[in-house]
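For reference, the chains in residue letters:
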Amino acid sequence: MKKTISILLVVLLVSACLFAAVSLTGELGFGYKVKFDGTVENQDYLNLGSTYGGRFKIKLGSDYVNGELRMDAITVEDGKFTTGVRQPINGYATVKASKLVADVFEVSLPVGVELYVGNQSFSASYNWAYLDPQGNEKKISLNASRSSMPLGVAVSYDKYVTAKAWGSIVDGDKKGLLEAQIAPIDGVKAMIAYGVNQKADKDNFQVAALVDVKTLADLDFNLAASAQVIANTDDFAKATYFAAVKGGYENIGGYAEYINAAGVNNLYAGASYGIASDKAPTTLSAGVGITKDFSKVGASIGADTQIKNIELNVKLGCDDFSDFAKNGYVRFASYVTF
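Residues numbered from 1 in each chain as written. Predicted model: local features only at pLDDT ≥ 70, side-chain atom pairs only at ≥ 80, totals over all residues. Heavy atoms only, no water.

## Overview of the overall build of the protein chain
Stated precisely, the cut-off is as follows: Secondary structure elements follow DSSP: runs of H or I of four or more residues count as helices, runs of E of two or more count as strands, with numbering from the N terminus. Partly exposed residues are those whose accessible area sits between 20% and 50% of the maximum for their type, while under 20% is buried and over 50% is exposed, using a 1.4 Å probe and protein chains only. Residues are treated as being in contact if the distance between any of their heavy atoms lies within 4.5 Å. The Shrake-Rupley method, run with a 1.4 Å probe sphere, supplies the accessible areas, and residue values consider only the shown protein chains as cover.
What the protein chain contains, in helices and strands, is four helices and 21 strands. Looking at the protein chain as a whole, 35% of its 338 residues qualify as buried. Within the protein chain, residue pairs in contact and separated by at least 24 positions form 45% of the contacts whose partners lie at least 6 positions apart. Accessible surface, the protein chain as shown: approximately 18900 Å² in total, 60% of it carbon and sulfur.

See the structure below:
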């Protein structure tokens, strides 16, 4: 099966090359977290989640096929460069099937259809109908590894309904993910997702909804609210409930988020202020977290600056004020794209 998928992927990428625009892109990131107890951690906090992260891509694009070849997760460990994955070179192709059929056979399909093959990432869909102000992607993976799905299909009707199915059928590691995205009117979105992981013997589901109040009420400031539930089909008592409100006016923003994880209450809030600049736009931020059934209090302040294709970030925080020396830290990070 792996050989078949690899051959199909090569055929699609070669086809894309015939009429494609080709570009080379990449990204690098690194950071340091210096704790007040003297320990130092190295990590790319802004993007890749590795010690020193890097990724290089060759992108191919045509009217009918988009493709990408990439070298993933380049890291530095013990002074040596390593990819940290079994397959350092990955690729994918997306076939715009409905457009291909319409142009070649002059048949207009009532729905849009896209086909996917290769090591494709669908991580962006995890918060399609949830605001996710703190980036809880790892908590919303549904045990289905959204970041690596070799086969998939998406069927959509205008902008209102999209159904997606992705999967891995390799023996011993069979995973699958089904999603239904619904947008009945502008400003309202809902999603249902179901993830299957045969190896882990766990099936999880996600139900989420988002209301953009600004769009619905034609407000002159940003305001949106969303909620979601993530649970295991065999153990609903340990479900995680999310609720978030996010808003802003001009260069001022703020959010509040409540998370109940397996009965444990957590509350978060934050604010930001943007400083406009042609050369180095900067965002100042502050946040507070009251977690573990409101028994633990933490807070942070930070600044994020964009200088052309370089993002710089600094953050001063404490995860738990009950032991400031142990839980306080200063974090420096950078992220570069080209």
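We are not done yet, so read on.
## Quick look at the confidence of the model for the protein chain
The test is simple: Residue-level confidence of the predictor is what pLDDT reports, using numbers from 0 through 100.
Here the protein chain averages 81 in pLDDT, and 76% of its residues register 70 or above. Low confidence marks residues 79-87, where pLDDT is under 50. Its contacts with residues over four positions away, or in another chain, come to 14 contacts.

## Structural notes on the nonpolar core
Quick note on the threshold: The term nonpolar core refers to a set of buried residues drawn from Ala, Val, Leu, Ile, Met, Phe, Trp, Tyr and Cys, joined through side-chain atoms within 4.5 Å.
By size, the foremost hydrophobic cluster in this structure holds nine residues: Tyr130, Leu131, Leu210, Ala224, Ile230, Phe242, Ala244, Ile259 and Tyr268. At the level of elements, strand S14 (222-232) and strand S15 (235-249) are the ones that each hand at least two residues to this core. Other than its neighbours up to four places away in sequence, Ala244 contacts Tyr130, Leu131, Pro133, Ala224, Ala225, Ser226, Ala256 and Glu257.

## A closer look at the pairing of strand S17 (residues 264-275)
Basically, it comes down to this: When DSSP finds two or more bridges between two strands, those strands count as paired.
Examined bridge by bridge, strand S16 (residues 252-261) and S17 share ten bridges and lie antiparallel to one another. Directly across from Tyr258, in S17, lies its bridge partner Leu267. Here S16 folds back onto S17 in antiparallel fashion, the turn holding two residues, of which Ala262 has a positive phi close to 55°. Judged from the nine bridges that link them, S17 and strand S18 (residues 282-291) form a sheet pairing that is antiparallel. Residue Leu267 lies in a different strand from S18, and its bridge partner there is Ile290. Connecting S17 to the antiparallel partner S18 that follows it, the hairpin turn spans six residues.

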